[in-house]
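# Structural description and commentary
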Amino acid sequence: MHLSDPGAPIELQQLGKTLLATNERSEQLVEGLLLLARSDNQIVERKPVDLAEVAEQAVDQVHAEAVAKGVVIRGERKPAVVQGNGVLLERIALNLVQNAVRYNVPEDGWVEVTTEVQHGHAVLVVSNSGPVVPAYEVDNLFEPFRRLRTERTGSDKGVGLGLSIARSVARAHGGHISAQPREGVGS
(Lines give C-alpha, C1' and ligand atoms only; values in the text may rest on other atoms or scores of the structure.)
Protein backbone atom coordinates (compact mmCIF):
# COMPACT_ATOMS: atom_id res chain seq x y z
CA MET A 1 0.00 0.00 0.00
CA HIS A 2 2.78 2.40 0.87
CA LEU A 3 4.41 1.92 -2.52
CA SER A 4 1.28 3.15 -4.27
CA ASP A 5 0.75 6.06 -1.85
CA PRO A 6 2.42 9.14 -3.39
CA GLY A 7 2.33 10.86 0.02
CA ALA A 8 4.29 8.13 1.81
CA PRO A 9 7.73 9.16 3.08
CA ILE A 10 10.56 8.31 0.67
CA GLU A 11 12.23 6.10 3.31
CA LEU A 12 9.07 4.02 3.63
CA GLN A 13 8.76 3.70 -0.14
CA GLN A 14 12.39 2.59 -0.37
CA LEU A 15 11.89 0.05 2.41
CA GLY A 16 8.88 -1.35 0.57
CA LYS A 17 10.90 -1.72 -2.64
CA THR A 18 13.74 -3.40 -0.75
CA LEU A 19 11.36 -5.85 0.94
CA LEU A 20 9.72 -6.70 -2.40
CA ALA A 21 13.12 -7.36 -3.98
CA THR A 22 14.17 -9.51 -1.02
CA ASN A 23 10.93 -11.47 -1.22
CA GLU A 24 11.40 -12.03 -4.97
CA ARG A 25 14.92 -13.38 -4.42
CA SER A 26 13.62 -15.69 -1.68
CA GLU A 27 10.94 -17.00 -4.02
CA GLN A 28 13.59 -17.60 -6.70
CA LEU A 29 15.73 -19.46 -4.19
CA VAL A 30 12.88 -21.72 -3.06
CA GLU A 31 11.81 -22.35 -6.65
CA GLY A 32 15.41 -23.16 -7.58
CA LEU A 33 15.87 -25.54 -4.66
CA LEU A 34 12.65 -27.37 -5.48
CA LEU A 35 13.61 -27.65 -9.13
CA LEU A 36 17.09 -28.85 -8.16
CA ALA A 37 15.63 -31.54 -5.87
CA ARG A 38 13.14 -32.71 -8.51
CA SER A 39 15.71 -32.79 -11.29
CA ASP A 40 18.09 -35.05 -9.38
CA ASN A 41 15.75 -37.92 -10.23
CA GLN A 42 15.55 -39.57 -13.64
CA ILE A 43 12.86 -38.24 -15.93
CA VAL A 44 10.05 -40.82 -16.10
CA GLU A 45 7.73 -39.20 -18.63
CA ARG A 46 9.65 -38.33 -21.78
CA LYS A 47 8.39 -36.68 -24.94
CA PRO A 48 10.20 -35.46 -28.06
CA VAL A 49 11.60 -31.98 -27.43
CA ASP A 50 13.48 -29.95 -30.04
CA LEU A 51 16.38 -28.12 -28.40
CA ALA A 52 16.18 -25.53 -31.20
CA GLU A 53 12.68 -24.55 -30.04
CA VAL A 54 13.73 -24.59 -26.38
CA ALA A 55 16.74 -22.38 -27.16
CA GLU A 56 14.62 -19.99 -29.22
CA GLN A 57 12.17 -19.59 -26.32
CA ALA A 58 15.06 -18.85 -23.95
CA VAL A 59 16.46 -16.25 -26.37
CA ASP A 60 13.01 -14.64 -26.64
CA GLN A 61 12.66 -14.46 -22.85
CA VAL A 62 16.08 -12.86 -22.38
CA HIS A 63 15.91 -10.57 -25.43
CA ALA A 64 14.82 -7.41 -23.57
CA GLU A 65 17.55 -7.82 -20.93
CA ALA A 66 20.15 -8.39 -23.68
CA VAL A 67 19.07 -5.24 -25.54
CA ALA A 68 19.18 -3.23 -22.31
CA LYS A 69 22.76 -4.43 -21.69
CA GLY A 70 23.88 -3.91 -25.29
CA VAL A 71 24.39 -7.65 -25.84
CA VAL A 72 23.66 -9.15 -29.26
CA ILE A 73 22.34 -12.71 -29.33
CA ARG A 74 23.23 -14.68 -32.42
CA GLY A 75 23.68 -18.26 -33.57
CA GLU A 76 22.10 -20.91 -35.75
CA ARG A 77 19.61 -23.22 -34.13
CA LYS A 78 19.25 -26.41 -36.14
CA PRO A 79 16.73 -29.11 -35.17
CA ALA A 80 18.07 -31.31 -32.37
CA VAL A 81 15.37 -33.53 -30.88
CA VAL A 82 15.77 -35.31 -27.55
CA GLN A 83 13.39 -37.34 -25.41
CA GLY A 84 12.72 -35.50 -22.18
CA ASN A 85 10.74 -33.05 -20.12
CA GLY A 86 10.22 -29.81 -22.05
CA VAL A 87 9.81 -27.61 -18.95
CA LEU A 88 13.07 -28.81 -17.42
CA LEU A 89 14.95 -28.55 -20.72
CA GLU A 90 13.63 -24.98 -21.10
CA ARG A 91 15.10 -24.24 -17.66
CA ILE A 92 18.55 -25.40 -18.78
CA ALA A 93 18.45 -23.17 -21.85
CA LEU A 94 17.07 -20.18 -19.94
CA ASN A 95 19.68 -20.47 -17.16
CA LEU A 96 22.52 -20.70 -19.68
CA VAL A 97 21.33 -17.82 -21.87
CA GLN A 98 20.56 -15.59 -18.86
CA ASN A 99 24.02 -16.21 -17.42
CA ALA A 100 25.64 -15.52 -20.79
CA VAL A 101 23.84 -12.17 -21.02
CA ARG A 102 24.25 -11.12 -17.38
CA TYR A 103 27.91 -12.05 -17.05
CA ASN A 104 29.14 -10.33 -20.17
CA VAL A 105 31.28 -7.34 -21.08
CA PRO A 106 29.72 -3.93 -20.36
CA GLU A 107 29.70 -2.80 -24.02
CA ASP A 108 29.33 -4.53 -27.39
CA GLY A 109 28.91 -7.97 -25.88
CA TRP A 110 27.59 -11.01 -27.70
CA VAL A 111 26.03 -14.34 -26.86
CA GLU A 112 25.97 -17.22 -29.31
CA VAL A 113 23.28 -19.88 -28.90
CA THR A 114 23.46 -22.86 -31.26
CA THR A 115 21.81 -26.25 -31.46
CA GLU A 116 22.71 -29.19 -33.64
CA VAL A 117 23.16 -32.94 -33.69
CA GLN A 118 26.76 -34.11 -33.23
CA HIS A 119 27.62 -37.81 -33.47
CA GLY A 120 23.97 -38.74 -32.90
CA HIS A 121 23.56 -36.52 -29.81
CA ALA A 122 21.54 -33.31 -29.56
CA VAL A 123 23.78 -30.44 -28.45
CA LEU A 124 23.01 -26.97 -27.12
CA VAL A 125 26.01 -24.61 -26.98
CA VAL A 126 25.92 -21.18 -25.33
CA SER A 127 29.02 -19.00 -25.46
CA ASN A 128 29.65 -15.34 -24.73
CA SER A 129 32.09 -12.46 -24.80
CA GLY A 130 32.14 -12.16 -21.01
CA PRO A 131 35.18 -12.05 -18.79
CA VAL A 132 37.36 -15.15 -18.87
CA VAL A 133 36.67 -17.79 -16.24
CA PRO A 134 39.96 -19.26 -15.04
CA ALA A 135 40.19 -22.97 -15.93
CA TYR A 136 40.68 -23.92 -12.26
CA GLU A 137 37.32 -22.29 -11.36
CA VAL A 138 35.18 -23.78 -14.14
CA ASP A 139 34.06 -26.88 -12.21
CA ASN A 140 33.03 -24.70 -9.25
CA LEU A 141 30.47 -22.92 -11.44
CA PHE A 142 28.21 -25.99 -11.26
CA GLU A 143 28.22 -26.30 -7.47
CA PRO A 144 25.09 -25.02 -5.65
CA PHE A 145 25.44 -21.53 -4.13
CA ARG A 146 28.89 -21.08 -5.67
CA ARG A 147 29.38 -17.90 -7.62
CA LEU A 148 32.61 -16.42 -8.78
CA ARG A 149 33.84 -13.20 -7.27
CA THR A 150 31.78 -10.10 -8.02
CA GLU A 151 34.60 -8.38 -9.91
CA ARG A 152 34.09 -11.02 -12.60
CA THR A 153 30.32 -11.05 -12.49
CA GLY A 154 29.72 -7.42 -11.64
CA SER A 155 26.31 -8.52 -10.39
CA ASP A 156 24.46 -9.58 -7.30
CA LYS A 157 21.64 -11.15 -9.32
CA GLY A 158 20.79 -14.75 -8.70
CA VAL A 159 21.56 -17.04 -5.83
CA GLY A 160 24.13 -19.37 -7.36
CA LEU A 161 21.76 -22.17 -8.36
CA GLY A 162 21.31 -21.67 -12.11
CA LEU A 163 24.19 -23.81 -13.34
CA SER A 164 23.77 -26.47 -10.65
CA ILE A 165 20.12 -26.78 -11.70
CA ALA A 166 21.19 -27.02 -15.35
CA ARG A 167 23.67 -29.78 -14.47
CA SER A 168 21.09 -31.75 -12.47
CA VAL A 169 18.51 -31.48 -15.25
CA ALA A 170 21.06 -32.57 -17.86
CA ARG A 171 22.02 -35.58 -15.74
CA ALA A 172 18.37 -36.49 -15.14
CA HIS A 173 17.99 -36.63 -18.92
CA GLY A 174 21.07 -38.83 -19.31
CA GLY A 175 22.99 -35.86 -20.69
CA HIS A 176 26.13 -33.95 -19.82
CA ILE A 177 26.91 -30.28 -19.27
CA SER A 178 30.31 -28.63 -19.21
CA ALA A 179 31.93 -25.23 -19.43
CA GLN A 180 35.18 -24.33 -21.12
CA PRO A 181 37.11 -21.10 -20.87
CA ARG A 182 37.80 -19.50 -24.23
CA GLU A 183 41.16 -18.02 -25.08
CA GLY A 184 41.05 -14.34 -24.12
CA VAL A 185 37.27 -13.89 -23.85
CA GLY A 186 34.19 -15.57 -22.42
CA SER A 187 33.31 -19.21 -21.94
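Please refer to the structure placed before this passage.
Reference entry: report on the structure contained in this document. Since the model is a prediction, treat every value here as computed from it, not as a measurement. (Residues numbered from 1 in each chain as written. Predicted model: local features only at pLDDT ≥ 70, side-chain atom pairs only at ≥ 80, totals over all residues. Heavy atoms only, no water.)

Glancing now at the packing of aromatic side chains. Evaluated as defined, the whole model comprises zero aromatic pairs. Over the aromatic face of W110 sits the side chain of R74, whose NZ or CZ is 4.2 Å from the ring centroid. (Phe/Tyr/Trp six-rings, centres within 6.5 Å; stacked < 30°, edge-to-face > 60°. Lys NZ or Arg CZ within 6 Å of the ring centre and 35° of its normal.)

Moving on, we come to helix α3 (residues 86-102). With 17 residues, α3 should reach 24 Å at 1.5 Å per residue; the first-to-last C-alpha distance of 24 Å fits that figure. Among the residues making up α3, those that are buried are L88, L89, I92, A93, L94, N95, L96, V97, Q98, A100 and V101. Where α3 starts, the residue carrying a side-chain oxygen 3.0 Å from the main-chain nitrogen of V87 turns out to be N85. (Helix = DSSP H or I, 4+ residues; strand = E, 2+ residues; numbered from the N terminus. Expected span 1.5 Å × (residues − 1). Buried < 20%, exposed > 50% of the residue type's maximum accessible area, 1.4 Å probe, protein only. Polar contact = N/O pair within 3.5 Å; in protein donor to acceptor, adjacent residues only side chain to side chain.)

A few words now on the environment of A166. You can see A166 is positioned in helix α5 (residues 162-172). The sequence separation of A166 and I92 amounts to 74 residues, and the corresponding C-alpha distance is 4.6 Å. Aside from chain neighbours lying at most four places away, what touches A166 is I92, N95 and I177. (Contact = heavy atoms within 4.5 Å.)

An order of β2-β4-β5 is seen for the three strands of this open sheet, with the pairing classed as mixed. The open sheet is flanked by β2 (71-74) and β5 (121-128), the only strands paired with a single partner. Between one strand axis and the next, the sheet turns through 10° on average, direction left out of account. (Pairing = 2+ DSSP bridges. Axes fitted to C-alpha atoms, helices over the stretch in contact; angles between N-to-C directions.)

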